[in-house]
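# A look at the structure
Each chain, letter by letter, is given below.
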Amino acid sequence: MTPNPLNAAEVKLLYEEHGPALAAYGCCCGLDFAAADDVVQQVFLKLLEGRVAMPEKPLAYLYRAVRNTSLNRRRDFRHEVEIHEEDSWLVKQDGNPEEALAVQAALGDLPEEQRETVFLRVWSGMTLQEIAVVLEIPMNTVASRYRYALDKLRERLQPARNARGEYAGPRKR
Amino acid sequence: MQDHENDDLEQYLREFQPRSIRRLVVPNQAALPSRARVEDPWLRALTMAAMVVLAGSFALWYGARQTGTPPESAAIQGTRPGEMRPARRISTVALTKLALEDSEAFDALLAGESQTMFPGMQGSRSALRVLAKP
């Protein structure tokens with residue numbers, strides 16, 4: 001049975017709930033924030049026009065659509081895309097903007113496949129199984145990518161966390 | 001131990017939120033393609049019902065039109081020997097009835113039909129001339 005397309009109110013609700021995270025995910029896929037914003041609009045516009053039927057797992061579909069569209073856009077405009085350091089897609093309420101940029105930079109230093117795995121786990125709240133569905137890879141691969149990514153991030157973000165007095169380095173075993 | 005450190009790091013990362021994006025630009029309802037607008041199941045059911053009624057009405061009209069045509073036997077009865085008519089389909093029942101009631105007219109009809117259906121046998125250069133009655 002083909003699932004019904006969503007009505008405009010349902011699409012708007014999805015957009016408000018997941019739009020910012022989807023745009024940030026587009027940034028993880030190598031776009032600047034404005035381009036990622038455009039990509040998310042494009043994906044949701046297709047839903048509004050009824051050009052795609054929403055599958056059973058809408059979130060997995062949305063992330064996959066944003067990923068594919070971002071990669072296509074990056075390929076089509078590869079000579080024009082230039083991501084500026086200050087183009088932030090992460091913010092912290094009442095926090096130091098430089099700290100957000102430091103986290104963003106640490107994520108940016110990760111290989112792309114590790115970066116998107118961390119993003120989907122931390123900011124989209126997906127399980128490793130759900131991430132495997134979005135990225136269309138085995139779950140063991142997702143788990144190892146995530147582990148490697150966290151190791152690198154821990155090392156990279158240690159100074160920033162130390163400065164907050166939150167993190168005292170790896171515990172002794 | 002490693003899990004605890006991972007949890008700490010995840011918690012730290014979750015303090016940061018994705019930046020908000022612009023509002024979704026919802027196009028005017030009239031600008032959306034009809035496929036997106038006609039999603040009401042009742043409307044779809046009504047459309048289907050209307051199509052079924054239309055098809056039924058056409059079938060009834062067509063059937064009534066067919067029964068209104070004159071019977072073949074009447075046309076056959078009016079046939080004269082030697083009369084040339086365009087080839088047409090004649091039912092076996094009508095032919096049998098004609099053969100029983102008027103054998104002369106039946107022969108004439110078959111002769112007439114054969115001239116429209118079979119190759120000529122009368123011509124001097126016809127390959128079938130030997131079969132023709134003198």
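Residues numbered from 1 in each chain as written. Chains lettered and ligands numbered in written order. Predicted model: local features only at pLDDT ≥ 70, side-chain atom pairs only at ≥ 80, totals over all residues.

### Overview of the overall build of chain B
What counts here: Think of it this way: any DSSP run of H or I at least four residues long counts as a helix, any run of E at least two long counts as a strand, and we number them from the N terminus. Between the buried cut of 20 or more and the exposed cut of 12 or fewer other C-beta atoms within 10 Å of a residue's own C-beta lies the partly exposed class, and all C-beta atoms are placed from the backbone. What counts as a contact here is a pair of residues whose C-beta atoms, placed from the backbone, lie within 7 Å.
Per the secondary structure count, chain B includes six helices and one strand. From first element to last, N terminus to C terminus, chain B shows the α and β order α-β-α-α-α-α-α. Out of the 134 residues belonging to chain B, those deemed buried represent 5%. For chain B, long-range pairs separated by at least 24 residues make up 41% of all intrachain contacts whose partners lie at least 6 apart in sequence.

### A closer look at the overall build of chain A
Regarding its fold elements, chain A presents seven helices and one strand. If you list the helices and strands of chain A from N to C, you get α-α-α-β-α-α-α-α. For chain A, the proportion of its 173 residues judged to be buried stands at 36%. By sequence separation, contacts in chain A at least 24 residues apart represent 64% of the contacts at least 6 residues apart.

### A look at the nonpolar core
What counts here: Nonpolar core, as used here: buried Ala, Val, Leu, Ile, Met, Phe, Trp, Tyr and Cys residues forming one set through C-beta atoms within 7 Å. Each domain's limits were defined by an automated method or a database of domain assignments.
By size, the foremost hydrophobic cluster in this structure holds 48 residues, and its most contacted members are Ala24, Tyr25 and Val40 of chain A. At the level of elements, helix 1 (8–28), helix 2 (33–48), helix 3 (58–76), helix 4 (97–109), helix 5 (112–122), helix 6 (128–135) and helix 7 (139–163) of chain A together with helix 1 (2–13) of chain B are the ones that each hand at least two residues to this core. Tallying contributions element by element places helix 1 of chain A first for this core, with nine residues. A domain-level breakdown of this core finds at least three residues from each of domain 1 (1–78) and domain 2 (96–164) of chain A. Each residue touching tyrosine 25 of chain A, except ones within four places of it in the same chain, is listed here: Tyr63, Val66, Glu116 and Phe119 of chain A.

### A short note on the interface of chain B and chain A
Reports often express the size of an interface as the amount of accessible area lost when the parts come together. Threshold: Under this grouping Gly is polar, as are all residues other than the nonpolar Ala, Val, Leu, Ile, Met, Phe, Trp, Tyr, Cys and Pro and the charged Asp, Glu, Lys and Arg. Strand pairing is assigned whenever DSSP detects at least two bridges linking the two strands.
Contacts between the two partners involve 25 residues from chain B, matched on the other side by 35 residues from chain A. Sorting the residues of the side of chain B that touches chain A by element identifies helix 1, strand 1 (17–18) and helix 2 (34–37) of chain B as the ones contributing at least two each. Of the residues belonging to the side of chain B that touches chain A, the class tally is 14 nonpolar, three polar and eight charged. Where strand 1 (residues 90–91) of chain A and strand 1 of chain B come together, two bridges link them in antiparallel fashion. Counted as the bridge partner of leucine 90 of chain A is proline 18 of chain B from strand 1 of chain B.

### With respect to the environment of alanine 149 of chain A
All names here are of chain A. On the secondary structure map, alanine 149 appears in helix 7. By the C-beta count within 10 Å, which is 23 here, alanine 149 ends up buried. Taking the C-alpha atoms as reference, alanine 149 lies 8.7 Å from leucine 107; in sequence the two are 42 residues apart. Aside from chain neighbours lying at most four places away, what touches alanine 149 is Leu110, Gln114, Thr117 and Val118.

### Observations concerning unusual backbone geometry
Residues and elements named next belong to chain A. Of note in the backbone geometry, glutamate 136 takes a positive phi value of approximately 60° without being a glycine. Tracing the chain through its elements places glutamate 136 in the loop between helix 6 and helix 7. Judged by C-beta crowding, with 9 C-beta atoms within 10 Å, glutamate 136 ranks as exposed.

### Some points on helix 2 of chain A
Residues and elements named next belong to chain A. The condition is simple: One fewer than the residue count of a helix, multiplied by 1.5 Å, yields its expected span.
Over its 16 residues, helix 2 runs 22 Å from end to end, which matches the ideal 22 Å to within 8%, given 1.5 Å per residue. All of the buried residues along helix 2 are Ala35, Ala36, Asp37, Val39, Val40, Val43, Phe44, Leu47 and Leu48. Looking at the packing, one finds that the buried side of helix 2 touches helix 1 and helix 3.

### Considering the confidence of the model for chain A
Segments scoring low in pLDDT should not have their predicted coordinates read at a detailed level. Threshold: Per residue, pLDDT measures the predictor's confidence, with a range of 0 to 100.
Chain-level statistics for chain A give a pLDDT mean of 84 and a share of 87% at 70 or above. Mean pLDDT across the elements of chain A ranges from a minimum in strand 1 of chain A, with 87, to a maximum in helix 5 of chain A, with 93.

### Regarding the confidence of the model for chain B
All names here are of chain B. A residue-level look at chain B finds 58% of positions with pLDDT of 70 or above and a mean pLDDT of 74. Across chain B, strand 1 holds the top mean pLDDT of 90, while helix 2 sits lowest at 48. In the predicted complex, the global pTM is 0.58; the interface-specific ipTM is 0.79.

### A word on helix 5 of chain A
Across the 11 residues of helix 5 of chain A, nine count as buried, placing the element largely inside the fold. Of the positions making up helix 5 of chain A, those classed as buried are Gln114, Arg115, Glu116, Thr117, Val118, Phe119, Leu120, Arg121 and Val122 of chain A. Buried residues along helix 5 of chain A sit against helix 1, helix 3, helix 4, helix 6 and helix 7 of chain A together with helix 1 of chain B.

### A word on the environment of leucine 153 of chain A
Here leucine 153 of chain A shows up in helix 7. Expressed as a C-alpha distance, the spacing of leucine 153 of chain A and leucine 110 of chain A, which sit 43 residues apart in the sequence, is 8.2 Å. Those residues in contact with leucine 153 of chain A that lie beyond four places of it in its chain are Ala106 of chain A together with Leu9 of chain B.

### Some remarks on the packing of helix 2 of chain A against helix 3 of chain A
The packing of two helices is summarised by the inter-axis angle and the distance between the axes. Residues and elements named next belong to chain A. The test is simple: Angular values range over 0 to 180 degrees, each being the angle between N-to-C directions of two axes fitted as lines to C-alpha atoms, with helices fitted over their stretch in contact. Geometric relationships in this document are graded by angle, where less than 35 degrees denotes roughly parallel, more than 145 denotes roughly antiparallel, 65 to 115 denotes roughly perpendicular, and other angles denote oblique. The handedness criterion is simple: a crossing whose near helix is rotated anticlockwise from the far helix by less than a right angle is left-handed, and one whose near helix is rotated clockwise is right-handed.
Here helix 2 crosses helix 3 at 130°, and the two axes come no closer than 9 Å. In terms of orientation, helix 2 lies oblique with respect to helix 3. Crossing angle aside, the handedness with which helix 2 passes helix 3 is right-handed. Of helix 3, the residues touching helix 2 (which contributes Ala35, Ala36, Val39, Val40, Gln42 and Val43) are Leu62, Ala65, Val66, Thr69, Ser70 and Arg73.

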